[in-house]
Amino acid sequence: MALFPLKTTALVFLIGSVDYPVARDLEIKIARAYKAAGTKVRFVQLPMARRLKLFNAGVIDADLAARSNLSKSYPDVLQVGPPLLPLDLYLICPPDTQCTEQRFQDTSVSVYSSRGSKALLDEDGHIFSLKGLATYVDSPRQLLTLFNQRRVDYFVHVVVSQKIEEAPIQRPYQSFFLGSYNLPHHVHKSHNDMVSSLSTDLSRIFSAQ
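Residues numbered from 1 in each chain as written. Predicted model: local features only at pLDDT ≥ 70, side-chain atom pairs only at ≥ 80, totals over all residues. Heavy atoms only, no water.

1. Thoughts on the overall build of the protein chain
Worth spelling out the cut-off: A run of H or I in DSSP counts as a helix once it spans at least four residues, and a run of E counts as a strand once it spans at least two, with each numbered from the N terminus. Exposed residues in this analysis have more than 50% of their type's maximum accessible area, buried residues have under 20%, and partly exposed residues fall in between, with area computed by a 1.4 Å probe over protein chains only. Throughout, a residue-residue contact means that at least one pair of heavy atoms, one from each residue, lies within 4.5 Å. Residue exposure ignores everything except the shown protein chains as possible cover, and the areas themselves are Shrake-Rupley values with a 1.4 Å probe.
Each helix and strand counted, the protein chain has six helices and eight strands in total. In the protein chain, the order of α-helices and β-strands from amino to carboxyl end is β-α-β-α-β-α-β-β-α-β-α-β-β-α. Within the protein chain, the proportion of its 209 residues that are buried is 51%. Contacts in the protein chain between residues far apart in sequence, at least 24 positions, make up 73% of those at least 6 positions apart. When the accessible surface of the protein chain is totalled, it reaches about 10400 Å², and 51% of it is carbon and sulfur.

Next up, the structure:
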C-alpha cells in the first residue's frame, strides 16, 4: 500500500489523531504549542492499530494523545509533557441486567470495545476476556451510535468528564465504572530535540484552560 499521502515534508509535521468528540479541541491546543516552536502541523485520523504502527515507524511524527505506557509496545516513541486528555471508562449495559466487570467473562453476551479502551483496561489489569468480547471497533463514537440504535447492548464507553450523565446516550442504561486515565502527547524519537521546549509550551497552554 502506498503511503505517499502521509509523507512528511520539511514544512509539515504529521500528527496521528483519534475519533474522540474532544479531539478537535485538543488539536487546536497542540497546534498552538507547535506553532510556538515554528512548526506547522497536519492531523491525520487513522484506525488505532495502523496509526500507532506508522507512528512507531516514523511515517507519522507524533500522536495526539495515547496511554502513558505506549513506549512499552512501541519503543521508538517518546512521551511529551503532562497528561492532556482526562477520561473515564464505563461499562454500559441495558437496565435491569447485571452490569459488572464479570460481563467480560460472560459467554452469553457480547461486550464491545474500541481498541484504545481495551489497551487502557489491559494496562490497568482489568478482567477483559476474549470469551465475552464479540469485536473491537476503532471509533468510540461508533460504539455509542450502535448502542443508541439498539444494535449492541454492552459496550465500553469513553467519557471525557467526571459526569457520565453528560454523555449523549439516548436509550435507558446503567453503568459500571472501570477506571480513570490521563493521556499524554507523544513524538517519534527522531524528534527528541523538540521534547523539552514542546513540553514547556504544552504545559503552559493546557494550564491556562
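2. Regarding the environment of Cys99
Locating Cys99 in the fold gives a position in the loop between β4 (77–93) and β5 (111–114). Between the C-alpha atom of Cys99 and that of Gln174, which follows or precedes it by 75 residues, the distance is 7.1 Å. Beyond its immediate stretch of four places on either side in the chain, Cys99 contacts Leu91, Ile92, Cys93, Gln174, Ser175 and Phe176.

3. As for the packing of aromatic side chains
Note the threshold: When two rings of Phe, Tyr or Trp (its six-membered ring) have centres within 6.5 Å they constitute a pair, described as stacked for plane angles under 30 degrees, edge-to-face for angles over 60, and tilted for the intermediate range.
Enumeration over the complete set of coordinates arrives at three aromatic pairs. Ring centres of Tyr90 and Phe177 lie 5.5 Å apart, and the angle between their planes is 65°; on these two criteria the pair is classed as edge-to-face. Of this pair, Tyr90 sits in strand β4 while Phe177 sits in strand β8 (residues 174–188); the two residues are 87 residues apart in sequence, bridging distant segments of the chain. Residue classification places Tyr90 among the buried positions, given a relative accessible area of 9%. Judged by centre distance (5.1 Å) and plane angle (40°), the ring pair of Phe147 and Phe155 falls under tilted. With a relative accessible area of 0%, Phe147 lands in the buried category.

4. Focus: helix α1 (residues 23–36)
Quick reminder of the rule: Take the residue count of a helix, subtract one, and multiply by 1.5 Å to get its expected span.
Taking 1.5 Å per residue as the helical rise, α1 with its 14 residues ought to reach 20 Å, and the 20 Å between its terminal C-alpha atoms agrees with that figure. On its buried face, α1 sits against β1 (12–17), β2 (40–45), β3 (62–63), β4, β8 and α6 (195–207).

5. What to know about unusual backbone geometry
Of note in the backbone geometry, Asp96 takes a positive phi value of approximately 60° without being a glycine. Take Asp96: it is sitting in the loop between β4 and β5. If you check the backbone angles, Arg150 has positive phi at about 60° while not being a glycine. Topologically, Arg150 is positioned in the loop between α5 (140–148) and β7 (154–159). On the accessibility criterion, Arg150 (56% relative accessible area) is exposed.

6. Quick notes on the state of the cysteines
Rule in force here: Defined by distance alone, a disulfide is two cysteine sulfur atoms within 2.5 Å.
Enumeration according to the criterion identifies one disulfide in this entry. Two residues share a disulfide in this structure: Cys93 and Cys99, whose sulfurs sit 2.2 Å from each other. Its S-S torsion of about 75° marks the bond between Cys93 and Cys99 as right-handed, since a negative value means left-handed. Here the two residues Cys93 and Cys99 agree in accessibility, since each one is buried.

7. Examining the nonpolar core
Basically, it comes down to this: Nonpolar core, defined: a set of buried Ala, Val, Leu, Ile, Met, Phe, Trp, Tyr and Cys residues in which side-chain atoms within 4.5 Å join the residues together.
One finds Ile30, Tyr34, Leu87, Leu89 and Leu202 to be the most contacted residues of the largest nonpolar core, which totals 38 residues. Taken together, the elements giving at least two residues each to this core come down to β1, α1, β4, α4 (115–123), β7, β8 and α6. The dominant element in this core, judged by the number of residues it contributes, is β4, at seven residues. In this view, Tyr34 contacts Phe13, Ile15, Thr39, Val41, Ala62, His185, Val187, Met194 and Leu198; residues no more than four positions away in its chain are not counted. The next biggest cluster of nonpolar side chains, apart from the first, holds 13 residues, and it includes Leu14, Val44, Leu54 and Tyr74.

8. Structural notes on the pairing of β4
Rule in force here: Each pair of strands is called paired provided DSSP finds at least two bridges between the two strands.
The pairing of β4 with β8 spans 14 bridges and is antiparallel. Each bridged residue has a counterpart across the sheet, and for Pro86 the counterpart in β8 is Asn182. The pairing of β4 with β7 spans five bridges and is classified as antiparallel. The residue of β7 that forms the bridge with Asp88 is Val159.

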